[in-house]
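# Results of the structural survey
Now for the letters of each chain:
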Amino acid sequence: MTLEELSEINPEALQADGWDEAFIGYVERAGQLPTACYSKDKIIELSMQDGVSREQALEYFEYNIVSAYVGDFTPFYLTV
């Protein structure tokens, strides 16, 4: 599954800008169209490649990414 394929299934599905490499698929729930899902661990890993510490990457993720709810098709972030 790619972001392009998800867009065909659900044109309203929002994407996490700049984190395409962390996209892992989509989630579904009763009565709604599929919504994008990203790997939290991959986002943290990618953030750290820019010389950011793990703590800084987690803080950025929590404040700027996961807390940015913009409606029903806001992406999900999976932790395993």
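Okay, so let's go over this structure. (Residues numbered from 1 in each chain as written. Predicted model: local features only at pLDDT ≥ 70, side-chain atom pairs only at ≥ 80, totals over all residues. Heavy atoms only, no water.)

### Description of the overall build of the protein
Counting secondary structure elements, the protein contains three helices and three strands. When the helices and strands of the protein are placed in sequence order, the string is α-β-β-α-α-β. Computed over C-alpha atoms, the radius of gyration of the protein comes to 13 Å, within 12% of the 12 Å expected from 2.2 N^0.38 for 80 residues, which places it in the range of a compact globule. Oriented by its inertia axes, the alpha-carbon framework of the protein measures out at about 40 × 20 × 20 Å. Looking at the 80 residues of the protein, the share that counts as buried comes to 34%. A total accessible area of about 5300 Å² is found for the protein, and carbon and sulfur atoms account for 49% of it. Taking the 4 positively charged and 15 negatively charged side chains of the protein as two groups, their mean positions are separated by 8 Å. (Helix = DSSP H or I, 4+ residues; strand = E, 2+ residues; numbered from the N terminus. Rg over C-alpha atoms; globule rule 2.2 N^0.38 Å. Buried < 20%, exposed > 50% of the residue type's maximum accessible area, 1.4 Å probe, protein only. Areas by Shrake-Rupley, 256 points an atom, 1.4 Å probe, with all protein chains shown as cover. Lys, Arg positive; Asp, Glu negative; His and termini not counted. Charge placed at Lys NZ, Arg CZ, Asp CG, Glu CD.)

### Section: the nonpolar core
Generally speaking, a soluble globular protein has its nonpolar side chains buried in company with each other. Ranked by internal contacts, the top residues of the largest apolar core, which has 16 residues, are Trp-19, Tyr-38, Ile-43 and Tyr-77. Listed by contribution, the elements that provide at least two residues to this core are helix 1 (3–9), strand 2 (35–39), helix 2 (40–48) and helix 3 (54–65). (Core = buried A, V, L, I, M, F, W, Y, C linked by side-chain atoms within 4.5 Å.)

### Comments concerning the side chain of Thr-35
One can find Thr-35 in strand 2. For Thr-35, a relative accessible area of 1% corresponds to the buried category. Excluding residues that lie within four positions of it along the chain, Thr-35 makes contacts with Leu-6, Gly-25, Tyr-26, Val-27, Asp-72, Phe-73, Thr-74, Pro-75 and Phe-76. (Contact = heavy atoms within 4.5 Å.)

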